[in-house]
Amino acid sequence: MHIVVCVKQVPDSQSVKFDQNTNVMLREGVASILNPFDAYAVEEALRLKEKLGGSITAISMGPAQAESALREAIAMGVDKGILVNDPALAGSDAWVTGYVLALAIRKLGDAGLVICGKQGADGETAQVGPGIAAHLNVPQITYVRKIDEIDDKHLVAQRLLEEGHEFIDSSLPCVLTVVKEINEPRIASLKGKMAAKKAQIVKWTVLDIGADPAKVGLGGSTTKVLKIFAPPARQGGQIFTGEPEQVIGRLVEQLKDVVTAAAK
Amino acid sequence: MSGSIDLYKDVWVFAEQNNGKILSVTFELLGEGRKLADSLGVNLCAVLLGSGIQDKAQDLAARGAQKIYIVDKPELAVFNDESYTAVLVDLVNKHKPGILLCGATTVGRSMSARAAALLNTGLIADCVGLVIDPATKNLLQTRPTLAGSLMSTSVTPGHRPQMATVRRKVMKEALLDTGRNSEILLQEVAAEVLKSRTKRLKLEVEAETTVNIVDADIIVSGGRGMQNAEGFAILRDLAGVLGAGVGASRAAVDSSWIAYSHQVGQTGKTVCPKIYFACGISGQIQHLAGISASDIIIAINKDPDAPIFKIATYGVVGDLFKLIPILTQEFRKLLKK
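First, a word on what this report is: a plain description of the structure on this page. (Residues numbered from 1 in each chain as written. Chains lettered and ligands numbered in written order. Predicted model: local features only at pLDDT ≥ 70, side-chain atom pairs only at ≥ 80, totals over all residues. Heavy atoms only, no water.)

Observations regarding the pairing of strand β17 (residues 296–301) of chain B
Residues and elements named next belong to chain B. A large share of β17 lies buried, amounting to 6 of its 6 residues. Residues Ile296, Ile298 and Ile300 line one face of β17 and the alternating positions Ile297, Ala299 and Asn301 line the opposite face, and both faces are buried. Summarising the sheet, strand β16 (residues 275–279) and β17 pair through 5 bridges and their orientation is parallel. Within β17, the position partnered with Cys279 by the bridge is Ile300. Of the crossover connections in this fold, the one passing from β16 over helix α7 (residues 285–291) to the parallel β17 is right-handed. As judged from the 4 bridges shared by β17 and strand β18 (residues 314–317), these two strands associate in the parallel manner. Bridge pairing in β18 places Ala299 opposite Gly315. (Buried < 20%, exposed > 50% of the residue type's maximum accessible area, 1.4 Å probe, protein only. Helix = DSSP H or I, 4+ residues; strand = E, 2+ residues; numbered from the N terminus. Pairing = 2+ DSSP bridges. Right-handed = clockwise from strand over helix to strand, strands pointing away.)

A look at the interface of chain B and chain A
Of the residues lining the interface, 95 residues belong to chain B; the matching set on chain A comes to 80 residues. Of the charged contacts in the structure, one is a salt bridge between A:Lys180 and B:Asp254, with a shortest N-O distance of 2.5 Å. In this structure, the connection of chain B to chain A is made through 45 residue pairs in polar contact (both at pLDDT 80 or more). Along the lines of polarity and charge, the residues of the side of chain B that touches chain A split into 43 nonpolar, 30 polar and 22 charged. With 3 bridges connecting them, strand β15 (residues 238–240) of chain A and β18(B) associate as parallel partners. Across the sheet, residue A:Ile239 finds its bridge partner in β18(B), namely B:Gly315. (Contact = heavy atoms within 4.5 Å. Salt bridge = Lys/Arg side-chain N within 4 Å of Asp/Glu carboxyl O. Polar contact = N/O pair within 3.5 Å; in protein donor to acceptor, adjacent residues only side chain to side chain. Nonpolar A, V, L, I, M, F, W, Y, C, P; charged D, E, K, R; others polar.)

Things to note about the environment of B:Asp237
Residues and elements named next belong to chain B. For Asp237, the location among the structural elements is in helix α5 (residues 233–242). Relative accessible area serves as the criterion here: at 45%, Asp237 is assigned to the partly exposed category. Along the backbone, Asp237 and Val220 are 17 residues apart, and their C-alpha atoms lie at a distance of 9.8 Å.

Take a look at the structure:
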């Protein structure tokens, strides 16, 4: 089976620092990494390939430096990386991203399964996976925690719901978005890293994938960001120290009304 | 979307139901939707999909829905991404709402993302603030981004409906509003709209999620400081007395002390309880992103320098294995359990 994994390059939130006074993010020196949620998608594709054979293509839409996210995926074992890269794509929103990735997948022609992370660690929209499925007119299963069965025609996957797990049968091709629980992504081997360094990343433009120029980029986006601001800072409150019985007594005194109201 | 955006008027709320029970987030959306509808001078409507759910229209009418669109079909008995989305898209194309709100639940987020792509319109996920811009009459949608470290306000200026998923427990539930006349509009859809290529085989309800953390008013959460899986026993005791949900940090879940479904934070669930107990949790930014909307945060940690104390409403520095059993005992007395 030809499996497609959609990946994104995101700022490494571990390295993001904030101005203590203004709460504004300090962008300088922030490293870019493969979206951590996408690593689970890559790992799941690798495990399926080990079982079913076939090949894996990783696709990303982004600026030239997003190549490094594709190389990370190749280092883990993905066969091929495609970057949809075009100045016309700058400022694209989630709608456009789903549209563009769907067209790139359609151009590949033979994808049996598309796997995405549950969301980008930066924008956290969780919209691109279902967007791709909608544009390709294929079924979707979101928040997948386990794939129980798979063959050429269908799969059975478990979706994480608020109240438990739902077992869903889907025909193939389909789009899955996966959660962290599904696996533990492998660390790239030295050999993988060497291969990633040498790999030729295929580049496609808006024209290559046949996208309508009016539907991409800032102009084609359905949504516009008006402003970005720091959230109101949450202030630390009272700290109790001392003998356990005493401090708990003081804490319970503070909480008793709200606990009595909230406890059922 | 089809036709001029001026044709799109009313405010719609997707009425999410599970086993015939309307979820509380639906009432929160009706509360917020009422404000939006009043400021635009349009109707507040609800869309209810399911099987054998027509009697639930009363619950929606009682919370201020003026028109209730119902599609009642056996195929819609449980949520299905394809058929629910197709039905919703069909109704939107027919009736042209200006705004469409869904809860930011698993169902709401999966369905609205698919629907927005098919409707060629904008969707803003996980909103915590909605207001009509007095100048343009557009919906200003505010949401947290980048692990809650920034907020952004967006609009969908040229496409309709303006779609949003809204975080649970942020908006106030609509009050009972029985004075209005509500119209119940049973809708028919073409057979192919109900078709789907996926099928639910079964649902496994997780044993420990008796109190679901996304709905819980009180959450007792543990982190690395719980030391091992057995350490969570004292948290379950406290949670049991309080009727609380049990949560965990990423560190505790990664150590396999508790299942992933309990994980709170960016990689897990975003919660919004009245009281959040963070026990032995240091307070990484990714964890704080998931709890920052809690009314009261209580940190119990032996390390006085743990970042969690910087945002906790009340902090207790000390040995949680001594402190928590005393706390449980005190609450048991208080609640006469």
